Amino acid sequence: MSLREHALSLFRSAVGTVRPAPMMKRALKLQGDRCPQLLVKGQAFPVKRDLYLVGFGKAVLGMAAAAEEILGDHLVRGVISVPLGIQESLQRAGMQEMLLKPHSKIQVIEGAKNNLPDAEALKGAVAIQQLAEGLTADDLLLVLISGGGSALLPAPIPPILLEEKEKLTKTLASRGAAIQELNIVRKTLSVLKGGGLAQLAYPAQVVSLILSDVIGDPLDIIASGPTAASSHSVQDCLQVLAKYDVLHNLPKSVETVLSSSPTKPTAPENYSHVSNIIIGSNTLALDEAKHQAESLGYAALVLSAGIRGEVGRVSTLYCQLIRLVCLGLAGRAEEPLGDEVRGNLLQLAAELEIPGLDLAKFLQALRGLGPERPVCILAGGETTVQLQGSGKGGRNQELALRVGLGLHRAQAMEGSSPRGRCEIIFFSGGTDGQDGPTEAAGAFCSPGLVAEALQEGLDVEAFLRNNDSYTFFSQFQGGHHLLVTGLTGTNVMDIQAILIRALERS
Ligand SMILES: Nc1ncnc2c1ncn2[C@@H]1O[C@H](COP(=O)(O)OP(=O)(O)OP(=O)(O)O)[C@@H](O)[C@H]1O
Ligand SMILES: O=C(O)[C@H](O)CO
């Protein structure tokens, strides 16, 4: 098998493990007929009387279909809010297993066109709110949550209008607010976010199953944490509004809500009826890819599930790592050049502030690998692209193109580089199967990309200047280097892999 086929199989197995059906079947079981109980990752929740289900997010349709199969007749009723058009597009893609059965007890409301809250999503939120409010202490509410849930569960606190809240979040996003910051604001202005749904469902038992699309899996940020105790106060919200210069331009309704918001978030003891359980994440997907790489004969290491930062800086990090692995495979990692590359890497990692990454420890593990086996380095997270051009692309394709360019430049500088003795492939892909507004999930690259593209008259730097990575990869070698999977029905951010094997030993 070629490195590229290996890379593809790693991506497929990573995504496969966080697909709704396998993920739900691993996490959720229903046990016992006379005294049934839900088992979630080993925790037991007695079903005293009725079992209800609500959900919101891009992966929730498939999660709900799997849940209904597991819960059978114990499920009394459910409501889910999912992206507009998702049923039709899954149907068209032949992904029947992600659709509800014809006589399902779960009502589906589609909304949030273009991932923005709208009147349809508001209907979904109202139906979910009504279901939660009617529950008693004998009921159990199963809540399914995934990324995109914030837009699919809009319930602005009166007198705020939906349009006012949408305009505010749009402005914040366009000024560069991170998802953590956006969701701190959303929580403060919403009835259901920031733990609101859990409070409304009291005294019913609430069990939330969460597919994380946020670095570090913060319960109170994913989908704005409708069932999680918020760790943020109105002060934090005001800080975000001030940082992005919108504080003095707020609608009257938002000012009214902010001035009457409690200064402290609801105390954690008020959440004793709630369990929030992460059942799928980027870490889980990377672990599965690591297993797969090992079974293909690689020495595999996971760098981090929290890769973030500007795509150009992140591409430099990957280029330096590739350089170091090649030096290692050539038995030259302990030469002064190896120390120089390690120094560059430590500086880059400090600059990018990747949460939880202990790069010194990682480099130590890399040193211990030895030259016998091919090497696979896996990572995940979400980079950012400052759009300057008007081209078509996504952060994964742009990252792959930048890594290709970086490897080319290093090769040109170093002449007979240690990479000459290595076969290298890099890829970056979005686990949802869609990288930005394109039909591809991501792309592959190798050190020869720039030179080979030139032979076809394609200038990589010009495409990058116009943020036109999709157009580049579509044209280059007939689109062979695009990673195309179609919509996967799940989303745990992006995955990158570096695969390297020695061609000859020195
Ligand atoms: N021409 C382009 N080149 C590079 N990146 C782009 C381009 N156009 C959009 N993007 C990036 O694509 C991302 C938006 O894609 P999308 O709408 O799929 O959101 P997303 O963050 O991938 O959503 P989700 O969190 O659901 O996966 C942004 O990070 C944006 O910077
Ligand atoms: O819905 C949201 O808020 C984002 O996808 C993060 O979870």
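So, how was this worked out
Residues numbered from 1 in each chain as written. Chains lettered and ligands numbered in written order. Predicted model: local features only at pLDDT ≥ 70, side-chain atom pairs only at ≥ 80, totals over all residues. Heavy atoms only, no water. UniProt positions renumbered as here; feature names shortened; annotations may be inferred. Helix = DSSP H or I, 4+ residues; strand = E, 2+ residues; numbered from the N terminus. Polar contact = N/O pair within 3.5 Å; in protein donor to acceptor, adjacent residues only side chain to side chain. Buried < 20%, exposed > 50% of the residue type's maximum accessible area, 1.4 Å probe, protein only. Near = heavy atom within 4 Å. Areas by Shrake-Rupley, 256 points an atom, 1.4 Å probe, with all protein chains shown as cover. Nonpolar A, V, L, I, M, F, W, Y, C, P; charged D, E, K, R; others polar. Domains from an automatic or database assignment. Pairing = 2+ DSSP bridges. Axes fitted to C-alpha atoms, helices over the stretch in contact; angles between N-to-C directions. Contact = heavy atoms within 4.5 Å. 1 Å grid on protein atoms, 1.4 Å probe; cavity = no way out; pocket = protein on both sides within 12 Å on 5 of 7 lines; lining within 4 Å. Points joined across faces, edges and corners; volume = space filled by probe spheres on them.

Going by an unreviewed UniProt entry, the protein chain carries the name Glycerate kinase and comes from Pipra filicauda. According to the UniProt record, the Catalytic activity (unreviewed entry) comment for the protein chain reads "(R)-glycerate + ATP = (2R)-3-phosphoglycerate + ADP + H(+)". UniProt, in its Sequence similarities (unreviewed entry) section for the protein chain, records the words "Belongs to the glycerate kinase type-2 family."

**Brief notes about the UniProt feature "domain: MOFRL-associated" (unreviewed entry) in the protein chain**
Taking the UniProt record as the reference, the feature "domain: MOFRL-associated" (unreviewed entry) is found at residues 7-258. Each end of residues 7-258 is marked by a C-alpha atom, and these two atoms are 49 Å apart; helix forms 41% of the span and strand 18%.

**Section: the side chain of T438**
Structurally, the position occupied by T438 is in the loop between β12 (422-430) and β13 (442-445). One polar contact links T438 to Q397, side chain to side chain, over a distance of 3.1 Å. In this structure the side chain of T438 is engaged in a polar contact, spanning 2.9 Å, whose partner is the backbone oxygen of D435.

**A word on unusual backbone geometry**
In this model, P158 is joined to P159 through a cis peptide bond whose omega is 5°. Its location among the elements puts P159 in the loop between α6 (149-152) and α7 (162-174). Omega for the peptide link from Y202 to P203 comes to 10°, which places this bond in the cis form. Mapped onto the elements, P203 comes out in the loop between α9 (196-201) and β8 (205-211). Here A112, not a glycine, exhibits a phi torsion of approximately 55°, which is positive. Relative to the helices and strands, A112 resides in the loop between β6 (106-111) and α5 (119-133). On the basis of relative accessibility, which here comes to 6%, the residue A112 falls in the buried class.

**Focus: the site of ligand 2**
All residues in the neighbourhood of ligand 2 are listed as G147, G148, G149, S150, I179, N183, R186, D213, V214, I222 and A223. Taking S150, its side chain carries an N or O atom lying 2.5 Å from an oxygen atom of ligand 2. A distance of 2.9 Å separates an oxygen atom of ligand 2 from a polar side-chain atom of N183. Calculation on ligand 2 without its partners gives an accessible area of 230 Å², and the protein chains cover 91% of this total. Of all the elements in the fold, those that place two or more residues in the shell around ligand 2 are α6 and α8 (179-188). Each residue belonging to the shell around ligand 2 can be placed in one class, and the counts come to four nonpolar, five polar and two charged. Each of two domains, domain 1 (20-154 + 192-229 + 267-280) and domain 2 (156-189 + 231-264), supplies a minimum of three residues to the shell around ligand 2.

**Looking at the sheet that holds β6**
In spatial order, the strands read β6-β5-β4-β7-β8-β9; together these six strands make up an open sheet with parallel pairing. What marks the edges here is a single partner per strand, and that holds for β6 and β9 (274-280). Direction aside, neighbouring strands of the sheet carry axes that sit 15° apart on average. In this structure, strand β5 (residues 75-83) lies alongside β6, joined through six bridges in parallel fashion. Bridging across to β6, G78 finds its partner in I106. Those strands touched by helix α2 (residues 20-27) are β7 (140-145), β8 and β9, and its axis lies near 130° from that of β9.

**Some words on the layout of surface pockets**
Its boundaries defined by the atoms lining it, the second largest pocket holds a volume of some 480 Å³. As for the second largest pocket, its lining consists of 25 residues, and the residues nearest its centre are K187, T188, G194, P262 and T266. Put simply, the parts of the chain that give the lining of the second largest pocket at least two residues each are α8, α9 and α11 (252-260). A class-by-class count of the residues in the lining of the second largest pocket yields 10 nonpolar, 12 polar and three charged. Counting the residues that make up the lining of the second largest pocket, at least three belong to each of domain 1 (20-154 + 192-229 + 267-280) and domain 2 (156-189 + 231-264).

**What to know about the site of ligand 1**
Near ligand 1 there are 15 residues, and of these K58, G391, G393, R395 and N467 occur at the shortest range. In this structure, G393 approaches ligand 1 through a main-chain N or O atom, which is 3.1 Å from a nitrogen atom. Between R395 and ligand 1, the recorded distance is 3.1 Å, taken from a side-chain N or O atom to an oxygen atom. Computed on the free molecule, ligand 1 has an accessible area of 630 Å², of which 73% lies beneath the protein chains in the complex.

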